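# What the coordinates show
Spelled out, the chains give:
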Amino acid sequence: MTAQSAIEAANPTAKGAARNSASVFFAQVLGGLVSFGTMLVTLQILKRTDYGIIAAAVAFVEPIRTLATLGVDAVGVRRAAIDRTQIGRITGSLLLLRLTLACIALAVAAVFAFTWRASATGGGWPTMAAALVILPAALTGPFQVPFQATQQMRRLVVLPLIAAVVQLAATLTAGWLHAPIALFACIPAMGEVANAIVTRTLARRILAEPLVGDWKLARELFRQGLSFAYVTLVVVIYTRGGYYILESQQGTGAVADLAAASGLVSPILVLGSALFVSFTTYCSYLVSAGKFAEFSAYFASFVRRVLLILIPVAFVAMLVVPLVIDAWKPQYHGAARAFRYLAFGAVWMLLCQVSSACLIALDRPRVIAIMATVNIAVFFAIAIPLAPSLQAEGIAIATFAMELVNAIGQVSIVFALLRRLQKSP
């Protein structure tokens, strides 16, 4: 049996989903530990205001970066998981589409960097440097589709570590050279270039057929992805909205506090990204096979484990981490206060990520869009009045409340949809 025929013959399974999640989680933990070290090194090298400049630039670029995705990766994974005979064609078409969108997004970022952001603290160059990540990311996403759709993410276990090591080396070098802030801002792009090269090399080993772009399929994926594009854009706006508010009202110091606190909760979000990949693939298969009872049991088991395991972990982190921050970097006391809320907010984010993957598998983009709209209203209704007095802590409180509302809503909707589908003939 050839590599391609083996891919086509293998159906997604619960064990495969578990192995997939474990592989991605292990890989993300390896890379996450190095990335965490990179963040600590960056905090040590840069002034608090300079770190805030970088965080503000990244926050500004994120909504523009959505132009390079528009939800098409999720659509591609879902289609490839259902029909594995089309993996090569889907991957090639995604690559063609993503590169086109990335060029458009980078051009938009350049215009804004040297017009609107030209008057920001640090000027427009940090924003332009942060935007460079858009191009290599457009390669990495499509190249990962064959691994996600066939539950072979274990083959990419070294990927996050390589990218993280590249970023750490670049950060140390930039610090040694006393490089300008713009160079620090483009370091994530260097890691993403390493991601793209390694992923493409490994993809060749599991795909026997060449990656040929099909404009007709690309346009079809684009149309389907538009339903998720709104969600992606709204999510980016409310997750980065706090940075915009703080930068305009409090300056880059408060932005640095929020960025540091967000970085400290990243280990929980690493788990979320690992599970998102597996849930999208496996649950898409369960929907196509009509196995809704199995889907419901699988999701219920996950929710129970999150609540029983991660809430105690978040509680301990809420008590310990702020003490460490105050002892190590007392100037980041605002980050310590914000972390207390983000620690629990990250648990709700995890539930939201996985329930969103389930809704994608159930082909319910409208539900995700409605919840995203509710989220952005809740976030800004709380963040805007709290930010002037509480700064980063106020944004963290808004994030906590928004993610809790979102988690309760999405998890309830997934269970309701599955109950209805089980009852339907």
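## A closer look at the packing of helix α5 (residues 87-113) against helix α7 (residues 134-149)
Their axes nearest at 8 Å, the elements α5 and α7 cross at an angle of 160 degrees. Judged by the angle between their axes, α5 and α7 are roughly antiparallel. Considering how the two elements wind past one another, α5 and α7 form a crossing that is right-handed. Seen from α5, the contacting residues are Ile87, Thr91, Leu94, Leu95, Arg98, Leu99, Ala102, Cys103, Ala105 and Leu106; seen from α7, they are Ile134, Leu135, Ala137, Ala138, Leu139, Gly141, Pro142, Phe143, Val145, Pro146 and Ala149. Considered class by class, the residues forming the contact of α5 with α7 number 18 nonpolar, two polar and one charged.

## Some details on unusual backbone geometry
The backbone of His178 sits at a positive phi, close to 55 degrees, despite the residue not being glycine. Along the chain, His178 turns up in the loop between α8 (159-176) and α9 (181-185). We classify His178 as exposed; its relative accessible area is 71%. The phi dihedral of Asp363 falls on the positive side, at around 55 degrees, and the residue is not glycine. For Asp363, the position within the fold is in the loop between α15 (333-361) and α16 (365-390). A relative accessible area of 43% means that Asp363 is categorised as partly exposed.

## Some details on the confidence of the model for the protein chain
Predicted coordinates in areas of low pLDDT are best not read in detail. Looking at the protein chain as a whole, its pLDDT mean stands at 81, while 86% of the residues score no less than 70. Across the protein chain, the secondary-structure element scoring lowest on mean pLDDT is helix α1 (residues 3-9), at 44, and the one scoring highest is helix α17 (residues 392-423), at 92. Below pLDDT 50 for its whole length, residues 1-9 participates in 15 contacts with residues either more than four positions away or in separate chains.

## A look at the packing of helix α3 (residues 48-65) against helix α12 (residues 252-264)
It is at 7 Å that the axes of α3 and α12 come closest, and there the two elements cross at 70 degrees. It follows from the interaxial angle that α3 and α12 lie roughly perpendicular. Of the residues in α12, those touching α3 at Arg48, Thr49, Tyr51, Gly52, Ile53, Ala55 and Ala56 are Thr252, Gly253, Ala254, Val255, Ala256, Asp257, Ala259 and Ala260. Counted by class, the contact of α3 with α12 contains nine nonpolar, four polar and two charged residues.

## A word on the nonpolar core
Phe295 and Phe299 are the most contacted members of the largest nonpolar core, which has 78 residues in total. In terms of residue count, α15 provides more of this core than any other element does, 18 residues in total. With sequence-adjacent residues up to four places away left out, Phe295 is seen in contact with Cys283, Leu286, Val287, Cys358, Ala361, Leu362 and Leu418. Counting 16 residues, the second largest nonpolar core, distinct from the first, contains Val75, Val77, Leu217 and Ala218.

## Some thoughts on the packing of aromatic side chains
All chains considered together, the criterion is met by seven aromatic pairs. Centre to centre, the rings of Phe379 and Phe380 are 5.1 Å apart; their planes meet at 85 degrees, and the pair counts as edge-to-face. Overall, the relative accessible area of 1% leaves Phe379 in the buried class. Residue Phe380 is classed as partly exposed on the basis of its relative accessible area of 22%. Three or more aromatic residues joined by ring pairs make a cluster, and in this case those are Phe60, Phe112 and Trp116. When the ring centre of Phe60 is taken as origin, the NZ or CZ atom of Arg117, which lies over that ring, is 5.1 Å away. The cationic tip of Lys329 hangs over the ring face of Trp328; the distance from NZ or CZ to the ring centre is 5.6 Å.

## Digging into α16
The terminal C-alpha atoms of α16, which comprises 26 residues, lie 35 Å apart, in line with the 38 Å expected from a rise of 1.5 Å per residue. If you look at α16, its biggest bend is around 35 degrees, right at Ala383, and the proline Pro385 turns up within four residues after that. Of the residues making up α16, those classed as buried are Pro365, Val367, Ile368, Ala369, Met371, Ala372, Asn375, Phe379, Ala383 and Ala387. Where α16 ends, the next residue or the one after it, Gln391, has phi of about 55 degrees, a positive value.

## Here we look at the pattern of salt bridges
Side chains that differ in sign of charge can pair as their charged atoms come close. The full count for this structure, using the stated rule, is four salt bridges. The partner of Arg65 in a salt bridge is Glu62, with the nearest N and O atoms 3.6 Å apart. Taken together, the residues span about one helical turn, with Arg65 and Glu62 both in helix α3 at a distance of three residues. Note that Arg337 and Glu393 form a salt bridge whose closest N and O atoms lie 3.1 Å from each other. Of this pair, Arg337 sits in helix α15 while Glu393 sits in helix α17; the two residues are 56 residues apart in sequence, bridging distant segments of the chain. What makes Arg337 partly exposed here is its relative accessible area of 26%. Residue Glu393 is classed as buried on the basis of its relative accessible area, which comes to 14%.

## Structural notes on the side chain of Asp257
Within the element layout of this structure, Asp257 appears in helix α12. Accessibility expressed as a relative area gives 3% for Asp257, which makes it buried. Of the polar contacts made by the side chain of Asp257, one reaches the side chain of Arg48; its length is 2.8 Å. Excluding residues that lie within four positions of it along the chain, Asp257 makes contacts with Arg48, Gln331, Tyr332, Gly334, Ala335 and Ala392.

Analysis parameters
Residues numbered from 1 in each chain as written. Predicted model: local features only at pLDDT ≥ 70, side-chain atom pairs only at ≥ 80, totals over all residues. Heavy atoms only, no water. Axes fitted to C-alpha atoms, helices over the stretch in contact; angles between N-to-C directions. Helix = DSSP H or I, 4+ residues; strand = E, 2+ residues; numbered from the N terminus. Parallel < 35°, antiparallel > 145°, perpendicular 65-115°, else oblique. Left-handed = near helix turned anticlockwise from the far one by under 90°. Contact = heavy atoms within 4.5 Å. Nonpolar A, V, L, I, M, F, W, Y, C, P; charged D, E, K, R; others polar. Buried < 20%, exposed > 50% of the residue type's maximum accessible area, 1.4 Å probe, protein only. pLDDT = per-residue confidence, 0-100. Core = buried A, V, L, I, M, F, W, Y, C linked by side-chain atoms within 4.5 Å. Phe/Tyr/Trp six-rings, centres within 6.5 Å; stacked < 30°, edge-to-face > 60°. Lys NZ or Arg CZ within 6 Å of the ring centre and 35° of its normal. Expected span 1.5 Å × (residues − 1). Bend = angle between axes of the 7 residues up to and from the residue. Salt bridge = Lys/Arg side-chain N within 4 Å of Asp/Glu carboxyl O. Polar contact = N/O pair within 3.5 Å; in protein donor to acceptor, adjacent residues only side chain to side chain.

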